[in-house]
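Below are the chains, spelled out letter by letter.
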Amino acid sequence: MGFTLVPRELKFFDMFDQMAATLTRAGVKFFDMVTAFDQLPKRSLELKQEEEVGDELVERIISALDQSFITPFDREDIHQLATSMDDVLDNMEETSYRFQEFRIDKPTAPAVELARIIKESCAHLEQAIRGVRNMKRPEELLKHVLEISRLENEADRIYRDSDSALFADPPDILTLIKWRELYEWLEATVDSCKDVAQVISEIVIKGT
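Residues numbered from 1 in each chain as written. Predicted model: local features only at pLDDT ≥ 70, side-chain atom pairs only at ≥ 80, totals over all residues. Heavy atoms only, no water.

A. How the structure looks around the overall build of the protein. In terms of helices and strands, the protein carries 6 helices and 0 strands. Here the C-alpha atoms of the protein give a radius of gyration of 18 Å, agreeing with the 17 Å that 2.2 N^0.38 yields for 208 residues. Expressed along its principal axes, the backbone C-alpha trace of the protein runs to roughly 65 × 30 × 25 Å. Burial analysis of the protein (208 residues in total) assigns 47% to the buried set. (Helix = DSSP H or I, 4+ residues; strand = E, 2+ residues; numbered from the N terminus. Rg over C-alpha atoms; globule rule 2.2 N^0.38 Å. Buried < 20%, exposed > 50% of the residue type's maximum accessible area, 1.4 Å probe, protein only.)

B. Representation of the pattern of salt bridges within the structure. Tallying each qualifying case throughout the model produces 24 salt bridges. The closest approach of N and O atoms between Arg133 and Asp14, which form a salt bridge, is 2.7 Å. Here Arg133 is found in the loop between helix H4 (109-132) and helix H5 (138-168), whereas its partner Asp14 is found in helix H1 (residues 2-36), with 119 residues between them in sequence. The class for Asp14 is partly exposed, based on a relative accessible area of 36%. The partner of Lys42 in a salt bridge is Glu46, with the nearest N and O atoms 2.8 Å apart. Of this pair, Lys42 and Glu46 both sit in helix H2 (residues 40-67), separated by 4 residues, roughly a single helical turn. Through salt bridges with shared partners, one network takes in Glu113, Arg116, Glu120, Glu147, Arg150 and Glu154. (Salt bridge = Lys/Arg side-chain N within 4 Å of Asp/Glu carboxyl O.)

C. Quick peek at the environment of Glu93. Mapped onto the secondary structure, Glu93 falls in helix H3 (residues 75-101). As a C-alpha pair, Glu93 and Trp179 span 86 residues in sequence and 17 Å in three-dimensional space. Leave out the neighbours within four places in its chain, and Glu93 touches Leu47, Lys48 and Glu51. (Contact = heavy atoms within 4.5 Å.)

D. Region of interest: the packing of H3 against H4. At a closest axis distance of 12 Å, the pairing of H3 and H4 adopts a crossing angle of 155°. Classified by the angle between their axes, H3 and H4 sit roughly antiparallel to one another. Our pair here, H3 against H4, has a crossing hand that is left-handed. Facing Met85, Val88, Met92 and Phe99 of H3, the residues of H4 in contact are Ala111, Ile118, Cys122 and Ile129. Per-class residue counts for the contact of H3 with H4 are 8 nonpolar, no polar and no charged. (Axes fitted to C-alpha atoms, helices over the stretch in contact; angles between N-to-C directions. Parallel < 35°, antiparallel > 145°, perpendicular 65-115°, else oblique. Left-handed = near helix turned anticlockwise from the far one by under 90°. Nonpolar A, V, L, I, M, F, W, Y, C, P; charged D, E, K, R; others polar.)

E. Representation of unusual backbone geometry in the model. At Gln39, a position not held by glycine, the phi torsion is positive, near 45°. Take Gln39: it is sitting in the loop between H1 and H2. One non-glycine residue with positive phi stands out, namely Arg103, at about 55°. In this fold, Arg103 is placed in the loop between H3 and H4. Judged by relative accessible area, Arg103 falls into the exposed class, the value being 68%.

F. Local environment of the packing of aromatic side chains. Overall, the coordinates contain 6 aromatic pairs when judged by the stated rule. Taking 6.3 Å as the distance between ring centres and 40° as the angle between the ring planes, the aromatic pair formed by Phe13 and Phe73 counts as tilted. In this pair, Phe13 sits in helix H1 while Phe73 sits in the loop between H2 and H3, placing the two residues 60 residues apart along the sequence. Each member of the pair Phe13 and Phe73 is classed as buried. Feature note: the residues Phe30, Phe37, Phe99, Trp179 and Tyr183 constitute an aromatic cluster, connected by ring pairs. (Phe/Tyr/Trp six-rings, centres within 6.5 Å; stacked < 30°, edge-to-face > 60°.)

G. Layout of H2. With 28 residues, H2 extends 41 Å from end C-alpha to end C-alpha; this agrees with the ideal 40 Å at 1.5 Å per step. If you check which residues of H2 are buried, you get Leu40, Arg43, Ser44, Leu47, Glu50, Glu51, Gly54, Leu57, Val58, Ile61, Ala64 and Leu65. (Expected span 1.5 Å × (residues − 1).)

H. The arrangement of the nonpolar core in detail. Ranked by size, the top nonpolar core spans 61 residues in total, and within it Phe16, Phe30, Leu81, Met85, Phe99, Leu125 and Ile200 carry the most contacts. Of all the secondary-structure elements, those providing two or more residues to this core are H1, H2, H3, H4, H5 and helix H6 (173-207). (Core = buried A, V, L, I, M, F, W, Y, C linked by side-chain atoms within 4.5 Å.)

I. Structural context of a nonpolar patch on the surface. Nonpolar side chains collect at one region of the surface, where Ile173, Leu174 and Ile177 lie side by side and expose about 310 Å² of accessible area between them. Structurally, Ile177 is set in helix H6. (Patch = residues over 30% accessible without salt bridge, like charges linked within 9 Å, V, L, I, M, F, W, Y side chains within 5 Å. Areas by Shrake-Rupley, 256 points an atom, 1.4 Å probe, with all protein chains shown as cover.)

That is the geometry; function is a separate question.
Given below as structure tokens:
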């Protein structure tokens, strides 16, 4: 039993580490896209490629789950962690696509701030996910989870303020519609990061 357990556990942790690194790369690329706001088709394509890497990793994780009798933690949690991470990449890619297609002149300050929060949340997710491999110091891991929660609260405030500002001093109706949808997708991306953090928190509670 000891001979087969370690390789099977490492297989899942290695794939989650790869998925976490993909999140961080995508978060940086997304922030760069929103702040530089140039070469949008190229930048959007790069995010699409990261999303496809995530899709492939999720398929590998689920396939390994189907073939493994022994897993490092609950099978349901493995599945939920993989799919919730994939949701973050999906939301980032969808948001980047809209930035490209909506043909807006430039990003607003709230959009830049939300993109920053997404980037920082992804970086904290990577550290938290890497910490799941060895939970001897869960307090260090949970610091990243708590920081993601703080960032999500900050994003909520920015989203509410920006939505209110759109109607307090409305632009033309088409611009209003575009920005309302963009803010919603930015907020949804932050929320999906919080969802991953919640899954990690539950894994830690069960494992300690």
